[in-house]
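What follows is the residue order along each chain.
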Amino acid sequence: STIGMALPQFLIGIVLIVVFAVTLKLLPARGYVPFEVDPTGNIVGMILPALTLALASAPLLMRFLRASMIEVLAAPYIRTATGKGASRAGVVVR
């Protein structure tokens, strides 16, 4: 997660363009198509920018989630549940 937070968004975007648009030829590298003209083309054209923004913010969210899970797993009711025989995975899922 530290490496993900250190990478700038434009670098993540360039890597995604090279992989998905240039190498694999799955998504368009550039261009905007209005939704009224071609709804499918508009949605396909928005996948790379949305993926770039999501991947840029994911490490921060993962850190928050990890810190919250560690805090909650140290709570007394979690210790009680595991003491009564609940598995660690069962406690986390519930």
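Residues numbered from 1 in each chain as written. Predicted model: local features only at pLDDT ≥ 70, side-chain atom pairs only at ≥ 80, totals over all residues. Heavy atoms only, no water.

Asker: Before we go on, may I ask you to explain the overall build of the protein chain in this structure?
Answerer: The helix and strand tally for the protein chain stands at six helices and zero strands. Of the regular secondary structure in the protein chain, the N- to C-terminal order runs α-α-α-α-α-α. A compact globule built from 94 residues should have a C-alpha radius of gyration of about 12 Å, whereas the protein chain, at 21 Å, is more than 25% larger. When its C-alpha atoms are laid out on the principal axes, the protein chain stretches across 60 × 30 × 20 Å. Buried positions account for 16% of the 94 residues belonging to the protein chain. (Helix = DSSP H or I, 4+ residues; strand = E, 2+ residues; numbered from the N terminus. Rg over C-alpha atoms; globule rule 2.2 N^0.38 Å. Buried < 20%, exposed > 50% of the residue type's maximum accessible area, 1.4 Å probe, protein only.)

Asker: Help me understand helix α2 (residues 9-23), please; the structure alone is not making it clear to me.
Answerer: For an α-helix, the turn length of 3.6 residues means that residues three or four places apart are oriented alike. With 15 residues, α2 should cover 21 Å at 1.5 Å per step; its first-to-last C-alpha distance of 20 Å lies within 8% of that length. Along α2, the sharpest change in direction is near 25° and occurs at I17. Buried within α2 are the following residues: I12, G13, L16 and A21. Where α2 is buried, its residues contact α4 (47-73). At the exit of α2 stands K25, carrying a positive phi of roughly 55°. (Expected span 1.5 Å × (residues − 1). Bend = angle between axes of the 7 residues up to and from the residue. Contact = heavy atoms within 4.5 Å.)

Asker: Can you walk me through a nonpolar patch on the surface in this structure?
Answerer: A surface patch of nonpolar side chains, amounting to about 1100 Å² of accessible area, comprises I3, L7, F10, L11, I14, V15, I17, V18, V19, V22, L24 and L26. Considering each element in turn, the nonpolar patch owes the most residues, eight residues, to α2. With respect to the helices and strands, the residue V22 is situated in helix α2. (Patch = residues over 30% accessible without salt bridge, like charges linked within 9 Å, V, L, I, M, F, W, Y side chains within 5 Å. Areas by Shrake-Rupley, 256 points an atom, 1.4 Å probe, with all protein chains shown as cover. Salt bridge = Lys/Arg side-chain N within 4 Å of Asp/Glu carboxyl O.)

Asker: Help me out: how do you make sense of the nonpolar core in this one?
Answerer: Inside soluble globular proteins, nonpolar side chains tend to come together where they are buried. Counting six residues, the largest nonpolar core consists of I12, L16, A21, L27, L48 and A56. The contact partners of L16, leaving out residues within four places of it in the chain, are A21, L48, L51, T52 and L55. (Core = buried A, V, L, I, M, F, W, Y, C linked by side-chain atoms within 4.5 Å.)

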